[in-house]
Structure formats: structure tokens, C-alpha cells
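Close look at the chain arrangement
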Amino acid sequence: MHHNYLAIIAFTLYASLSSSNPFSALQSTVVPESKEFSGMEDSLKIDKVNQLISKYVNEDGPGIALAVVSEGELVCALGQGQANLEYGIPITTQTPFHLASVSKQFTAMAVQLLVDEGKLSWDDPLGKFFRSDGFEPSDRSTFGSPDAKPSDRSAFPAWGDSITLKHLVHHTSGLREQFALLMLAGWQWEDVIKTEQIISIIQRQQSLNFSPGDQFDYSNTGYTLLAEVVKKISGESFESFTRKKIFEPLKMYNTFFFSDPGQIVKNRAYSYDQSENPVKNKLLNYETVGPTSLFSTAEDLAKWAMAWDNSQLYRSDGLEPSDRDDGLEPSDRDDTFPSEAFQKMTATHQLNSGEEIPYRLGLESGELDGFATLEHSGRDAGFRTHFLRLPEKKLSVILLANEANITATSIAHHIAQIYLETENQKDGSITKKVNLTTETLEELTGLYELNDLNMVIKIEKIEHGLSLWIHENLQYMLFPISDTSFIAEEESLILTFDQDAKNIAISFPNEEKIKGKKLPESTDSVSDSDYIGMYFSDELLSFYKISNENGRLYIHHLRHGKKALIPMGEGKFIWQIGGLLVPITFLREEEAGVNRFEISMFGIQKMAFIRKP
């Protein structure tokens, strides 16, 4: 599971869990056996997989494509549900899906290939590749100013030369999260989001969240920049480079990075949200690649999984060296894929403190039932994807879904357990429910701030227990298993409150814990002169207005509209934006009074908005 898992899934804004009312069962669409895809022999396990998938999919709704690779062979592949509800196009293992953050491992591989060719180093500073005068280092002696310092040439502020490519790939750069910046600047999720807009807003940031290498903080920004570095060094588009260097050599002919929302993709899956009535199509308008925007199929990702465990060189024409008459060595051909690059994808990374983080190159290391894992999930719009590998068992599970309420990660783990034959080894005592009084449940409700995540969650009372509210479209149903502990069964999250209900701890299957404290809501009214006025961020080129109506503060933005602020006391408020609960802190100087407010949220620490006279 991801480090800072809650913050990651909350910020993506698209996920929600299927907690009840599983759909009716149906028959799967299994890929026919072929010369390349053979070995569908374990019918009992396939039946178990079918029974599992049928809990989440019906034949008339959105669905799932999956593939299981074991010992280098495709042992299970199926598609269930509809890729397109308007035209009734069924999902198969050849249906192209938007992979969301599963894309990151391919971006990391693109950089690794250039590193292996000697064209890049993971220790290269970011500022080396983005120049304010437009000249590359090799051109500067003729056209540029050779005596200028690197920091004077960088298109970024001074921090651009302190961040390396290694920081970017491991999420330790300190760069602010691009989608959070765009949201605060006024972007809506339905807007077209372009790489140029992302680069422009990053270049305006005058500070980092932390010094590079000090912390791990999951950020899409780094992978957008890595894709741009590949583009600059290779001299071709990122889409073209990855197609020639990765997808064609591995025969992944239905895999490509997608940067034009108007592009026609035949038989593609569209994403949906069945929690809305009527069912809604969840749109994506990305014109940016790197952290996301890869399209692929279950079959193609099975080839990717097979390549991890195969030591041979893959060739786009399928010929082995003995079948060629060109006289070239494998390393001299552009159509070869160096399989040793896969081993380098597992390289570990340490923070400045020496602490090792679990995030490798576009994949995270973990454990499932005692076996080491490498995996990554993806969540964009209504797409839910997961790529899971268990290297020592040579087992991989690929799960692609086009419905926002399908829990791809937990389903992929369950499928892996079927093939590991460990699915019945869990301790059943953890799911034993207890009954709590209404008064006890109500004492636990309220807002909680999660330590170190710049994130506020809400605990609400519902009919059978509590609800963990992370985002307006992401709530976990919590069931009591003791007087102070609750479980969200779909993701195996356990919430534990202290006896006074003032502190909370959220535990994950990988034994990671996130702690938080209850925020005391204030009913005090505020004075007009304290807060009202216009506030501006030069880093976002964006204004916000604060008004006071009958002793309650409101925040206004041209595109986000008017929202009431929830007072928490001592100049602290909660603002609901983009479905998230975001803390705002007003700061003052002794003589001038309130002169700014700061926003901290996932991926952003202390973004300042200055009060205008």
C-alpha cells in the first residue's frame, strides 16, 4: 500500500468504496487460448476469481478487465461488464483503459533507459534541463552567456538546482503537488489540464514544502517533470520515445501515452460513477503525461509482467539473434529492450536522515501474507487500476476497472491470495462486530486533523456505526469491533479512538499508522475588521475574498464560488474545496492585524495569500 495512503487517495478526489449491495453474478468473458497466451489450466482458481469479480460487476454496468501471470505464463484473463454504457460495448482483455498512476512505472523506466545509455544521471539537477534563456548547455558557448551561473540560467527559482531526478522519481523533492496548485488557482476537474500550465505554475513557486531528500511526500509534479526531461534529452515527444523504446520492443501494441482528449481510441473504456443517480460518465481532460495518462490493456500489461521475470532481450520484430542477418550486436539495435533495466527499477532510496522509504522507481515495495510485493494503484475520474507483483513467487495481478466504487487494490490482493492459496488464512476475530450505544457513537463524531498530512477528516454517525469522511465522494463505512475501535472492511483500515475521543489512530494492513487529533469547533463570531478583504497569491496569480455575514466568515473565488468557513478557534478555519476539508490559518502582525492566510493540504504546506490594502 502507498505510504501516506489516505492523503494520496483523498487528493485524487475520485475514489469511493463499494461497501454494500454487491451486484449480481455473471459469466466472464475469457480470452480465447492462443499460441502466445496459453496455460489457462487451473479452473478452480479461475472459478474463485469469477465469484469474486461478480460481487462488484453486473453485465449491464461498468466493469473489470484482469490478468494473472504466474511463472511467465498467463494463467487467468477475463473481462466483465461494459466499456461503454451508451453503445453497450463489452469489456475484454483487449479493452484500452486509462491507467492513472500505474503509468508512473513506465515514466520511471523511460528515464532509466536514458540513464543506461549515458544520456542522463539520476543525480542530475532539475535546473539543468529547464533553461530561462532557451539554450541547452551544449549551445551556450556559441549563443548563450557562458559566464552565467547555473542558477541564473535555470527556469526555476534557486531550488531548481537542489532537486535531482532521483528526488523526483522517489517523491522526495519537496515540490508542491501540481493538481493541488491548479485547484487553488481555480481549475475545475472538468477543465483541460495541460503540461504547459503545470510547468508555468511550478516555476512560480518560491519555496518548497521541505528541503529535497528530507521527507517522502507523494507528488505527481515530479513525474510530469521527468516526462519533460525525457522529451528534452531524446529530442522527440514522450509518447514517441516510450512507444519506440518500451512498448514496441515488448510487443505492447495497444499501449500508449495519451495527451489529446480529442484523440479517437477504438473500443476504449470510459469511466463511470454508479453512486450517482442516474449513473454519470466521469470525464478526463488531461493534456499532460508522466504521472498519468497511459492507456493499456490487461493483455499488454500481462506482457509487461512477463518481461519482469524473463532474462532475454525483447525485440520488436520477434527475431532472436540467430535468425538475424544484419550482423549487429543486440546493444546496437534500436529495437532491443534491455531486461536488466527491470532490476534497476527496484533500487532503494534513503532520505537524508538515512531512513529507507518503500517507494522505488514508480512502484512501492510492501508485503502480502508474508511475501514481498511491488505494486502501484491508480485513480483518475472513475478509473481504478492496480498492478501487483510478487517477485519471489513470479506472480503478477493486473486489475483495470472503469467504475469509481470498485476497490481495485483490495480485489487485486484477494486475487493474489487465491493463487497463493492464502485467502482463508486471515484471523476472523478482527471482523467480529459489537454494538455501541448512540451516545457513545455521537461522542466520537467531529473533525480530526491528521498529523503531518495537512489533512482534515470527518467522522459522522450513520445507521450501523460511523462513517469516515475523507472527500465528498469518498466515505468509508466503519463498523465497531470494540468500544474504541472500528474497521472499514473493504480496505482493512482500523480506526482507534482514545478514551476521551480526542485522538485517533488509523492503522493499515502494512502496519503503518497515521495519528490525528480532534478539532474543537468554535461557535464564536468574528469581527469584520479582523478578516474581511481581498487576499492574493503571486505564486498562483489568484485572488480570494473574505467576507463576514452575521458573524460568520465566507470565502469567495471567481470559479470556486462562495463557501462558509467552519471556525475552529484561534484564527483557524476549515474550508471545503473540491470535496476536501482544507485547513486555513489567518496570521497577524501586532500593529497591522491580520495580514495573510495560509493554506496547508495534501501536497502543499503553508501556501500564503497576502491581504491587499
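Residues numbered from 1 in each chain as written. Predicted model: local features only at pLDDT ≥ 70, side-chain atom pairs only at ≥ 80, totals over all residues. Heavy atoms only, no water.

**So, the overall build of the protein chain**
Per the secondary structure count, the protein chain includes 15 helices and 37 strands. Counting every position in the protein chain, which comprises 613 residues, the buried fraction comes to 56%. For the protein chain, long-range pairs separated by at least 24 residues make up 64% of all intrachain contacts whose partners lie at least 6 apart in sequence. (Helix = DSSP H or I, 4+ residues; strand = E, 2+ residues; numbered from the N terminus. Buried < 20%, exposed > 50% of the residue type's maximum accessible area, 1.4 Å probe, protein only. Contact = heavy atoms within 4.5 Å.)

**Here we look at helix α13 (residues 408–420)**
Between its first and last C-alpha, α13 extends 18 Å over 13 residues, near the 18 Å set by a 1.5 Å rise per residue. Where burial is concerned, most of α13 is hidden: twelve out of the 13 residues are buried. Here α13 has its buried residues at Ala-408, Thr-409, Ser-410, Ile-411, Ala-412, His-413, Ile-415, Ala-416, Gln-417, Ile-418, Tyr-419 and Leu-420. Looking one or two residues past α13, Glu-421 carries a phi angle of roughly 60°, positive in sign. (Expected span 1.5 Å × (residues − 1).)

**Points about the pattern of salt bridges**
Under the defined criterion, the tally for this structure stands at 16 salt bridges. Of the charged contacts in the structure, one is a salt bridge between Glu-117 and Lys-119, with a shortest N-O distance of 3.3 Å. Since its relative accessible area comes to 38%, Glu-117 is described here as partly exposed. Among the charged side chains, a salt-bridge network with shared partners connects Glu-117, Lys-119 and Lys-245. (Salt bridge = Lys/Arg side-chain N within 4 Å of Asp/Glu carboxyl O.)

**What about the nonpolar core?**
Ranked by internal contacts, the top residues of the largest apolar core, which has 107 residues, are Leu-184, Ile-246, Trp-304, Phe-586 and Phe-597. Counting 29 residues, the second largest nonpolar core, distinct from the first, contains Val-57, Val-75, Leu-388 and Val-397. (Core = buried A, V, L, I, M, F, W, Y, C linked by side-chain atoms within 4.5 Å.)

**Looking at unusual backbone geometry**
A positive phi angle is found at Leu-541, which is not glycine, with a value near 50°. Structurally, the position occupied by Leu-541 is in the loop between β29 (533–537) and β30 (542–549). Under the relative-accessibility criterion, Leu-541 is labelled exposed at 54%. Of note, the phi angle at Glu-570 is positive, near 55°, even though the residue is not glycine. Relative to the assigned elements, Glu-570 resides in the loop between β33 (566–569) and β34 (572–577).

**Regarding the sheet that holds strand β8 (residues 256–257)**
Read across the open sheet, the three strands follow the order β6-β12-β8; overall the sheet is antiparallel. In the strand order of this sheet, the two ends are held by β6 (97–98) and β8, each with one partner. Relative to strand β12 (residues 294–296), β8 runs antiparallel, the two sharing two bridges. Across the sheet, residue Phe-257 finds its bridge partner in β12, namely Leu-294. (Pairing = 2+ DSSP bridges.)

**Description of the packing of aromatic side chains**
Applying the stated criterion across every chain yields a total of 26 aromatic pairs. Seen from their ring centres, Phe-256 and Phe-295 are 5.6 Å apart, and the 15° between their planes marks the pair as stacked. You can see Phe-256 sitting in strand β8 and its partner Phe-295 sitting in strand β12, a full 39 residues away along the chain. In this structure Phe-256 comes out as partly exposed when scored by relative accessible area, which is 22%. (Phe/Tyr/Trp six-rings, centres within 6.5 Å; stacked < 30°, edge-to-face > 60°.)

**Remarks on the pairing of strand β28 (residues 513–518)**
Here three bridges tie strand β21 (residues 446–450) to β28, and the two strands are oriented antiparallel to one another. Its bridge partner being in β28, Tyr-448 is matched across the sheet by Lys-518.

**Some points on the side chain of Thr-107**
Within the secondary structure, Thr-107 sits in helix α3 (residues 104–116). When near neighbours in sequence (up to four residues on either side) are disregarded, Thr-107 contacts Tyr-223, Leu-226, Ala-227, Phe-238, Phe-257 and Gly-290.

**Some remarks on the environment of Ile-459**
Along the chain, Ile-459 turns up in strand β22 (residues 455–462). Overall, Ile-459 belongs to the buried group, its relative accessible area being 1%. With sequence-adjacent residues up to four places away left out, Ile-459 is seen in contact with Leu-444, Thr-445, Gly-446, Tyr-448, Leu-466, Ser-467, Leu-468, Leu-478, Leu-495, Phe-497 and Ile-504.

**With respect to the pairing of strand β19 (residues 383–390)**
The buried count for β19 comes to eight of eight residues, which makes it a mostly enclosed element. Residue alternation in β19 divides its side chains into two sets, Phe-383, Thr-385, Phe-387 and Arg-389 and Arg-384, His-386, Leu-388 and Leu-390, and both sets are buried. Relative to β19, strand β18 (residues 371–380) runs antiparallel, the two sharing seven bridges. Considered in β19, the bridge of His-376 is made with Phe-387. Sheet topology note: the β19/strand β20 (residues 395–401) ladder contains seven bridges and is antiparallel. Across the sheet, residue Leu-390 finds its bridge partner in β20, namely Leu-395.

**Observations concerning the confidence of the model for the protein chain**
The share of residues in the protein chain with pLDDT of 70 or more is 81%, and the mean pLDDT across the chain is 84. Counting contacts from residues 7–41, a segment whose pLDDT is below 50, to residues more than four positions away or on other chains yields 107 contacts. Below pLDDT 50 for its whole length, residues 311–328 participates in 35 contacts with residues either more than four positions away or in separate chains. (pLDDT = per-residue confidence, 0-100.)

**Side note on the environment of Glu-356**
Topologically, Glu-356 is positioned in strand β16 (residues 356–357). Spatially, the C-alpha atoms of Glu-356 and Phe-216 are 10.0 Å apart, while their sequence positions differ by 140 residues. Discounting chain neighbours no more than four positions away, the residues touching Glu-356 are Thr-348, His-349 and Gln-350.

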